[in-house]
Amino acid sequence: MNLSVSSFDDLSARIAAVRDEHRERFPGGADGRQPVHTVYVPADRFSRSTPADFGAEALRLLNTHTPGAGSFGAAFGLDPELAGPVRERVAAKLSREPIEDVRIDFEDGYGVRSDDEEDAHIAQVVEAVAAAYQVKGLPHYWGVRVKSFADGGQDRAMRTLDGFLTALRDRLGRLPGGFTITFPKVVAADHVALFVEYLDRLETALGLPSGILRFEVQVETTEAIFTPDGRIALPGIAAAAGGRLTAAHFGVFDYTAALGLPPEEQRLDHPACDFARHVMQVAFAGTGVRLSDGSSNVIPRNDGPDEVNATWQAHAAQVGHSLRHGFYQGWDLHPAHLPSRYAAVYAFHLTGADEVIGRVRAWHEQAAAGGVLDEPATIRALTDRLRRAVDCGALDESVLPAS
């Protein structure tokens with residue numbers, strides 16, 4: 001070498017410093033299980049039995065309209081060999097764990113009420129959550145959505161969250177695990193920073209551990225995509241969250257309405273929504289912030305087969321679109337969405353699963369699989385896919401290749 005060791009020691013140290021700073025900003029994917037959906041239930045309609053009720057109604061619809069593998073495969077356009085295993089697993093899921101994540105809604109799905117009425121519903125929800133928790137009927141993930149700071153609802157949002165957490169602490173003596181707050185309609189990073197300051201004060205007042213109150217933002221405004229001076233807004237929003245941000249959820253209807261799309265084009269698979277989701281993916285890649293797609297507004301008007309099947313086909317198609325674009329979570333609003341959610345998710349994970357397992361196993365054995373020599377990044381993606389499949393119930397843990 002032409003350089004002595006001492007000549008580049010300083011460069012090596014500076015390179016390491018840049019690497020360490022990068023790792024701090026981009027720690028990698030989020031730890032733990034990601035739910036396949038978030039079910040939104042207006043606060044005045046939430047009861048201790050809501051998750052079980054959703055599951056029972058979804059299972060009834062499944063058994064009524066697709067009593068066997070043939071009708072199930074026809075309803076969701078599945079290969080006959082896949083229809084039976086998918087239907088069996090969907091039915092088991094609806095019986096065992098119909099809702100993976102529930103959000104008790106005090107925002108758009110709930111509407112604007114008087115303070116007395118909303119306060120009364122807070123008390124009702126606290127009793128329902130406490131009762132569900134005590135009988136292990138609370139979903140793995142759960143939480144509340146408060147009103148938006150952008151809409152002038154900041155006082156009501158803070159009052160609702162304070163009242164809910166204070167009453168729940170007094171009722172249970174603790175905050176059950178899996179709790180998340182949804183912070184909607186973000187238009188400015190400053191609002192996120194102020195919300196964090198409020199959470200700091202609330203934790204202190206309630207005697208909660210610092211940082212335990214974490215939240216997700218809803219990306220449903222154009223201002224959440226680009227700042228007024230043309231910069232991507234999402235990194236600033238994440239920075240303002242001060243380490244409390246768990247996820248970013250796309251809001252299809254507010255976003256498409258803000259763009260001026262006509263109502264019939266306000267749908268998850270519109271190209272304008274693809275653009276917003278791709279920006280979200282780039283902005284949050286490697287940060288540990290999970291991504292979720294929005295909801296379908298198509299629900300059956302009655303129990304007739306035409307209505308139910310039309311809902312299932314539309315919803316399953318949009319779920320499939322989200323999955324193909326790398327969004328593995330979405331919103332569900334109605335019991336009829338659960339069969340189509342799990343049908344689409346399970347079919348996605350089971351299609352080609354044997355090939356995925358073979359490629360991962362071959363890589364660990366340092367052998368090509370089917371003429372494919374995969375890169376480590378591809379193997380990580382394939383392994384993540386298998387883990388998601390196991391977490392949601394599409395695959396059994398035993399099928400995972402040893403790493």
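This report concerns the structure included in the present document. (Residues numbered from 1 in each chain as written. Predicted model: local features only at pLDDT ≥ 70, side-chain atom pairs only at ≥ 80, totals over all residues. Heavy atoms only, no water.)

### Here's the deal with the overall build of the chain
Okay, step 1: A tally of regular secondary structure across the chain gives 14 helices and eight strands.
Okay, step 2: Taking 2.2 N^0.38 as the reference for a compact globule, 403 residues should give roughly 22 Å; the C-alpha atoms of the chain span a radius of gyration of 23 Å, in line with that estimate.
Okay, step 3: With the C-alpha coordinates of the chain rotated into their principal frame, the extents come out at 80 × 55 × 45 Å.
Okay, step 4: Summarising the internal contacts of the chain: among those between residues at least 6 apart in sequence, 76% fall at separations of at least 24.
Okay, step 5: As displayed, the chain has an accessible area near 18700 Å², and 53% of this comes from carbon and sulfur atoms.
Okay, step 6: In the chain, 39 side chains carry a positive charge and 55 a negative one; their mean positions are 4 Å apart. (Helix = DSSP H or I, 4+ residues; strand = E, 2+ residues; numbered from the N terminus. Rg over C-alpha atoms; globule rule 2.2 N^0.38 Å. Contact = heavy atoms within 4.5 Å. Areas by Shrake-Rupley, 256 points an atom, 1.4 Å probe, with all protein chains shown as cover. Lys, Arg positive; Asp, Glu negative; His and termini not counted. Charge placed at Lys NZ, Arg CZ, Asp CG, Glu CD.)

### Comments concerning the pairing of strand β2 (residues 101–105)
The side chains of a regular strand alternate, first on one face of the sheet and then on the other.
Okay, step 1: Burial analysis of β2 places five of its five residues in the buried class, the great majority of the element.
Okay, step 2: Burial of the side chains of β2 extends over both faces: D101, R103 and D105 are buried on one face and V102 and I104 on the other.
Okay, step 3: Inspection of the sheet shows strand β1 (residues 37–42) paired to β2 by four bridges, in the parallel sense. In the sheet register, P42 faces β2, and the bridge partner there is D105. (Buried < 20%, exposed > 50% of the residue type's maximum accessible area, 1.4 Å probe, protein only. Pairing = 2+ DSSP bridges.)

### Here's the deal with the sheet that holds β2
Okay, step 1: Pairing within the open sheet is parallel, and its eight strands lie in the order β7-β6-β5-β4-β3-β2-β1-β8. With one partner strand each, in any of the chains shown, β7 (290–292) and β8 (330–332) form the two edges of the open sheet. Looking at each pair of strands side by side, their axes are set apart by 30° on average, direction ignored.
Okay, step 2: In the packing of helix α7 (residues 189–206) onto the sheet, contacts are made with β4 (179–183) and β5 (215–219), and the angle to β4 comes to roughly 145°. (Axes fitted to C-alpha atoms, helices over the stretch in contact; angles between N-to-C directions.)

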